[in-house]
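Letter by letter, the chains look like this.
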Protein chains: 2
Amino acid sequence: MLKLFYSTGTCALASHIALQESGADYQIVRVDFRSEEQRKPDYLAINPKGRVPALVTDRGILTETPAILAFVAQSFPQARLAPLDDPFAFARAQAFNSYLCSTVHVAHAHRMRGYRWADDAAAIAAMQKKVPQSVGECYALIEREMLAGPWVMGESYTICDPYLFTLAQWMEGDSLDPARFPKVLDHRRRMAERPGVKKALADERG
Amino acid sequence: MLKLFYSTGTCALASHIALQESGADYQIVRVDFRSEEQRKPDYLAINPKGRVPALVTDRGILTETPAILAFVAQSFPQARLAPLDDPFAFARAQAFNSYLCSTVHVAHAHRMRGYRWADDAAAIAAMQKKVPQSVGECYALIEREMLAGPWVMGESYTICDPYLFTLAQWMEGDSLDPARFPKVLDHRRRMAERPGVKKALADERG
């Protein structure tokens, strides 16, 4: 059985939703970030990066949200979570997820994890100050260029959708007004109505 | 014909090498970063993010290195650049590339592109100061946990190899001594001997 290591309020939610919607047999295991469990030897043996998500499979352990999402889509093709037979369309979906991972999530991370990139307290404060602007520019680009609607890739729901939904949960925390991004906000509302999303959110809380 | 927009010394080299080794019919187009061509309307019409690489195909434009690399591997399967018939092995390769994109490249970018995440000059200087440590931690993890050898994924050469080679070119610029990472250094040397790598590097200079 697949086993997903997650922590509440993190990007692991994207993989969790995809697993839930894939029909996979899986369980979730909470990693307690408040007690810094992710930095302790037991968890570092699972993911030496000390991050979530990590997906334990019978072949070994996978990390990195874009890789896990594509793995879920390819492993459960009947769930139709990605355009698996069309390398160009698949690459478009992967490009969207790569942008979320390497640009949007990274911009957001400068609010709470500035210590990754500077030691100086004033520098960390300066990073926090810029988050509304840098994350806001990302969502402006997504709104203008990347979200085809009703789903990210257009008419077909894909692995891009739970990932965008997951990161878009953080807008208010990053001092962004979601009303500036009506398509993203509409997408977030539509996602929140999906049974698989409700179930994943409830299971993470429970 | 595929057309790759690149700039010298950037991560676009990874896609360039993959194209060269795939047997694809392609051409390269240089974007002049010194004159900030990547921020001008002509280029923003190709890639609104103002970055390289961008790959123009007859179906549309692709961005983001991990997505382009997987696209090249899937589009030219006879080149055997990824384990295309094994979702788990493919996900392992993708996880490696996602780590390069979202963690290693991002850590490196704090040396030259700190303005993305802070406006304050002292903060930008504090970011630069930490680059040897943060990038060094990434390579220590790659050396210890991720580079199976002789290639990243083991016996088979994959799309992980040109990407690691490309980023590992930046070590000295980030004030890292490559001798600290003998497996990465050995990989870099072995990559530099491949005809496709030599051709890509020469074409970018030429």
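The coordinates are above.
Below: a short report on this structure. (Residues numbered from 1 in each chain as written. Chains lettered and ligands numbered in written order. Predicted model: local features only at pLDDT ≥ 70, side-chain atom pairs only at ≥ 80, totals over all residues. Heavy atoms only, no water.)

**Some points on the overall build of chain A**
Argument step 1. Regarding its fold elements, chain A presents eight helices and four strands.
Argument step 2. Taken from the N to the C terminus, the helices and strands of chain A come in the order β-α-β-α-β-β-α-α-α-α-α-α.
Argument step 3. Compactness check: chain A gives a C-alpha radius of gyration of 17 Å against a globular reference of 17 Å for 206 residues, within 12% of the reference.
Argument step 4. With respect to the principal axes defined by its C-alpha atoms, chain A has extents near 50 × 45 × 30 Å.
Argument step 5. Residues counted as buried form 56% of the 206 residues belonging to chain A.
Argument step 6. Across chain A, the fraction of contacts at a sequence separation of at least 24, relative to all contacts at a separation of at least 6, is 64%.
Argument step 7. Carbon and sulfur atoms provide 50% of the accessible area of chain A, an area that totals close to 8700 Å².
Argument step 8. Distance between charge centroids for chain A: 2 Å, based on 25 positive and 24 negative side chains. (Helix = DSSP H or I, 4+ residues; strand = E, 2+ residues; numbered from the N terminus. Rg over C-alpha atoms; globule rule 2.2 N^0.38 Å. Buried < 20%, exposed > 50% of the residue type's maximum accessible area, 1.4 Å probe, protein only. Contact = heavy atoms within 4.5 Å. Areas by Shrake-Rupley, 256 points an atom, 1.4 Å probe, with all protein chains shown as cover. Lys, Arg positive; Asp, Glu negative; His and termini not counted. Charge placed at Lys NZ, Arg CZ, Asp CG, Glu CD.)

**Description of the interface of chain A and chain B**
Argument step 1. Tallying the contact residues gives 48 residues for chain A and 48 residues for chain B.
Argument step 2. Together, the buried faces of chain A and chain B total about 3700 Å²; carbon and sulfur atoms form 63% of this surface.
Argument step 3. Scanning the region where chain A abuts chain B turns up four salt bridges.
Argument step 4. The partner of Asp86(B) in a salt bridge is Arg59(A), and the shortest N-O contact between them spans 2.8 Å.
Argument step 5. The interface formed by chain A and chain B includes ten residue pairs in polar contact (both at pLDDT 80 or more).
Argument step 6. The biggest single contributor to the side of chain A that touches chain B is helix 4 (residues 87–112) of chain A, with 16 residues.
Argument step 7. Class assignment of the residues belonging to the side of chain A that touches chain B gives a composition of 25 nonpolar, twelve polar and eleven charged. (Buried area = accessible area lost by both parts, 1.4 Å probe. Salt bridge = Lys/Arg side-chain N within 4 Å of Asp/Glu carboxyl O. Polar contact = N/O pair within 3.5 Å; in protein donor to acceptor, adjacent residues only side chain to side chain. Nonpolar A, V, L, I, M, F, W, Y, C, P; charged D, E, K, R; others polar.)

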